[in-house]
Amino acid sequence: MKGLRPFKLPLDKLISKDVKRAVLFILTVFLFLSAATACVPTGKPLDVAQDKTAAPVEAPPAKPAEPAKPAATGQFNVLNSSVIPDFPGKLLFNLKAENGANITDIRLHYTVVDREAFARVASEVFIEFTPGASIDVQWPWDMRKTGGLPTGAIIEYWWTLKDARGNQTETTPAKINFDDKRYAWQSITENNVTLYWYKGNQSFADELMASVQQALVRLADNTGAHLKKPVKLYIYANSRDVQGAMIFPQEWTGGAAFTEFGIIFLGIDSSNLEWGKGAIAHELSHLVVHQMTFNPYIEPPPWLDEGLATYNQGALDATFVGALKAAMSSNSLSSTRSLSSPFSAFPAQSYLAYAQSYSLVEYLLTTYGQSKMLELLTVFSEGSSYDGALKKVYGFDMDGLDTAWRSYVARRYPLTKGIIRPLPLALIRNSIEPAGITLDRLARVRAERRS
Ligand SMILES: [Zn+2]
């Protein structure tokens, strides 16, 4: 999400936080991405891949044997087609219609409009009802069963009906904004980013927007990457409000990112402003990298995606430098090839993975520059393999990068024998996490493979 990627509060001290996070990510992403293929309690869902330009199915022409009969579509009188949103858990679809003959078949079709995908997928729900000349049916989309959608998601829906004579019609597609209406949102827009907030004055929003723009400029300067499509950033007043926007929130959830929708939401107030700015920089980087490399085959390796996001937050936090030095001194650095798979959920390995990713990106940027990184992202957008992309742009594969980087990092962080020791695990666990790095890569990758 490509998918839902919640991250923790900055001061989370829970020992088992990463495990919890992984579980939540996997659960929420799995559920969320199941939304377009919603299981329904009373009907039979069916995914139908549709061309974006596909026109609604037209009713068959009236039979020549019955010339007096009006056009098939004219025989249905749709009295009400509506949907009642109940964010974040439910959408209730309603249809009221009548026909001279018994209505025998009703299907609801819906699709999430602004989710990035190569093929538009519409879900079809077979409505169970008693056939009759007049029908009044409802279908609840219960997101506790299918996974939630972010505030700002747009759903398009339409109905198809058939009568006993074989006539059929299709209602004009309508759109519903699934918005979090618990708050009176204000918004400001600048350079493809719309920032929504409801608590705090204009200068609070302006300060956050300024940090958004700085993060985008920093990313563009370093990598040449930029937003290709608009994104939305929802600033909730606190983590409790954030959790109210989620189907299955955890007590440590401080925000979430939906890369396929280009939507981030975070709980930020004056007490965690700096954390919030870091989280924004990190998450925006993921959205930009996603937009720059989106293809139906493969996503960039985790070390590159997380490395760019962490690098975009600024200098590497001392805790991460410590993790890196400790691994160097104990000769336990991970291979670049292993960092091309989802990161470990265990705190110590996770910190090292982020630290190494940062350092790998730092090495590539400081040694080969912006243009090569942009080239690398472009090659990935063509669906290239990890080794193939590196070889094409830099002339070495993952193992070659590993060798070159180890020599670089040894120069970057010269070790003094006897001074560097592995960090105590408790210190790693209890340190304040830099913003946004608590995202679960495993869940993301799994989600992407499912989508
Ligand atoms: Zn990340």
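About the thresholds
- Residues numbered from 1 in each chain as written.
- Predicted model: local features only at pLDDT ≥ 70, side-chain atom pairs only at ≥ 80, totals over all residues.
- Axes fitted to C-alpha atoms, helices over the stretch in contact; angles between N-to-C directions.
- Helix = DSSP H or I, 4+ residues; strand = E, 2+ residues; numbered from the N terminus.
- Parallel < 35°, antiparallel > 145°, perpendicular 65-115°, else oblique.
- Left-handed = near helix turned anticlockwise from the far one by under 90°.
- Contact = placed C-beta atoms within 7 Å.
- pLDDT = per-residue confidence, 0-100.
- Pairing = 2+ DSSP bridges.
- Expected span 1.5 Å × (residues − 1).
- Buried ≥ 20, exposed ≤ 12 C-beta atoms within 10 Å, placed from the backbone.
- Arc of directions from axis to C-beta.

(A) Focus on the packing of helix α3 (residues 202-223) against helix α5 (residues 273-293). Here α3 crosses α5 at 45°, and the two axes come no closer than 9 Å. One finds that α3 runs oblique with respect to α5. Where α3 crosses over α5, the handedness of that crossing is right-handed. Contacts between α3 and α5 pair L208, S211, V212, A215, L216 and L219 from the former with K277, I280, A281, L284, S285 and V288 from the latter.

(B) Molecular detail of the confidence of the model for the protein chain. The pLDDT averaged across the protein chain works out to 79; a share of 75% of its residues lies at or above 70. Predicted confidence is poor over residues 8-74, with pLDDT under 50, and the contacts of this stretch with residues over four places away or in other chains come to 129 contacts. When the criterion is pLDDT under 50, residues 418-451 qualifies, and its contacts beyond four places in sequence or with other chains add up to 84 contacts.

(C) Seen up close, the pairing of strand β4 (residues 90-112). Bridge count for strand β3 (residues 76-86) against β4 is 10 bridges, and the pairing is antiparallel. Looking at the pairing, D86 lines up with K90 of β4. Where β4 and strand β5 (residues 120-126) come together, four bridges link them in antiparallel fashion. The residue bridging R107 from the neighbouring strand is F126, located in β5.

(D) Structural view of α3. Taking 1.5 Å per residue as the helical rise, α3 with its 22 residues ought to reach 32 Å, and the 31 Å between its terminal C-alpha atoms agrees with that figure. Within α3 the residues assigned to the buried category are L208, M209, V212, A215, L216, L219, N222 and T223. Seen along its axis, α3 keeps its buried residues to an arc of 160°; they face one direction. Exposed and facing more than 90 degrees away from the buried side of α3 are Q202, S203, A210, V217 and D221.

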